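Now for the letters of each chain:
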Amino acid sequence: MWEDCYEGKSQLNPASISKLCSSINHVFQNWLESLPEELIPDILIRLPIKSLIRFTSVSKSWSSTIKNPTFIRTHLTHTRNSNHQNSTHLILIHNVSNEGTSKHNYGEVPLSGFRENSYSLHYDNTAVTEHCKIEFPIALKKMMKNPCFRVAGTCNGLVLLADDVCRDAYNFVLWNPSIRKYVILPKPTVMSSTHGKHEASVGLGYDVINNDYEVVRVTFLMDIPGNGFRTLVQYYSLATGSWGMLRVHPPCVVNATRGQVLVNGALHWFAIRWADDHKMKFMVMGFDVGSESLREILLPEIDCCPRDTAST
């Protein structure tokens, strides 16, 4: 049977192929059984995520190891350290092809002449060399109300997509391009139909203590009878699959065009609040993902126009 594998011999027949596969499988199983169990996680942790997904079918013990939350966190840390040492950090680039653009809260967006959009990973180097292209899920394209999704945040390989480029459709998706899986979030409770006119900014954070990802949405409600305006913070937990909400008091205005920054387990926004003397106070508003609590950092005071004369 083995001689048939050499060049110049006749092709293997089905019976020989079956015996060959059986022999290879037997050798592989013997090799696996000879490996000390304590070495297996140390070997697996050095593999890319796509290989790990394939190896979950090798055996029940391997599958259990790879899906263990502790192993997942350790693998993430190892990958980060390796990327840092080898300067192999990756950048996600979302390219939109269109013929015309229009002004919107998020800058120039393709409201007309939209043709296509693509996603790709590039190395964080001077040449921004392409690592690979990413296939976007077809099912997500069918649910979009806008020409394309907006990349609203990234964290540990997860991508937060928002369907709000032209108009807010309240569709949010957590997407893992590496394993080609995604989660469609339930609609937030604060929408135009429920709370009237408002502006919103959304971000993605990670709770390292509880190993949970949260989507945080800050909404600035306008024209509230008797109150003027109000600020609410909604947060969606991937672990619980539900939205929670906090009220910011006193209220502040978050500029949706400036986005947000994730630092030390908290999402931060640039915000403005009007003091009792009707002067604007500039600050950084933070939402701690782990404790689901708010924090504020006041910025140095500057001379600025009062509230009643400020332009919107």
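Above this text is the structure in question.
Residues numbered from 1 in each chain as written. Predicted model: local features only at pLDDT ≥ 70, side-chain atom pairs only at ≥ 80, totals over all residues. Heavy atoms only, no water.

Caption draft 1: Representation of the environment of Phe-282. Tracing the sequence through the fold places Phe-282 in strand S15 (residues 280-288). Sequence separation between Phe-282 and Ala-271 is eleven residues, and the spatial gap between their C-alpha atoms is 6.1 Å. (Helix = DSSP H or I, 4+ residues; strand = E, 2+ residues; numbered from the N terminus.)

Caption draft 2: Region of the structure containing the environment of Asp-288. Inspection of the secondary structure puts Asp-288 in strand S15. According to the relative accessible area criterion, Asp-288 is buried, its value standing at 17%. Remark: the alpha-carbon pair of Asp-288 and Gly-265, spanning 23 residues in sequence, is separated by 6.1 Å. The contacts of Asp-288, once residues within four sequence positions are left out, are Gly-265, Ala-266, Ser-293 and Arg-295. (Buried < 20%, exposed > 50% of the residue type's maximum accessible area, 1.4 Å probe, protein only. Contact = heavy atoms within 4.5 Å.)

Caption draft 3: Focus on the sheet that holds strand S6 (residues 172-176). Strands sit in the order S4-S5-S6-S7 across an open sheet of four strands; the sheet is antiparallel. Every interior strand has two partners, whereas the edge strands, strand S4 (150-155) and strand S7 (181-184), have only one. In this sheet, adjacent strand axes meet at a mean angle of 25° when their direction is disregarded. (Pairing = 2+ DSSP bridges. Axes fitted to C-alpha atoms, helices over the stretch in contact; angles between N-to-C directions.)

Caption draft 4: Highlighting the side chain of Gln-234. Along the chain, the position of Gln-234 falls in strand S10 (residues 228-237). One polar contact links Gln-234 to Thr-189, side chain to side chain, over a distance of 2.7 Å. Among residues more than four places away in sequence, those in contact with Gln-234 are Pro-188, Thr-189, Val-190, Val-215, Val-216, Arg-217, Thr-219, Trp-243, Gly-244 and Met-245. (Polar contact = N/O pair within 3.5 Å; in protein donor to acceptor, adjacent residues only side chain to side chain.)

Caption draft 5: Broad picture of the nonpolar core. Counting residues in hydrophobic clusters, the biggest one holds 15 residues, and the most contacted among them are Leu-160, Leu-185, Val-202, Leu-204 and Val-215. Those residues in contact with Leu-204 that sit more than four places away from it in its chain are Gly-153, Thr-154, Cys-155, Leu-158, Leu-160, Leu-174, Tyr-213, Glu-214, Val-215, Leu-262 and Leu-267. With 13 residues, the next largest nonpolar core counts Val-218, Leu-267, Trp-269 and Met-283 among its residues. (Core = buried A, V, L, I, M, F, W, Y, C linked by side-chain atoms within 4.5 Å.)

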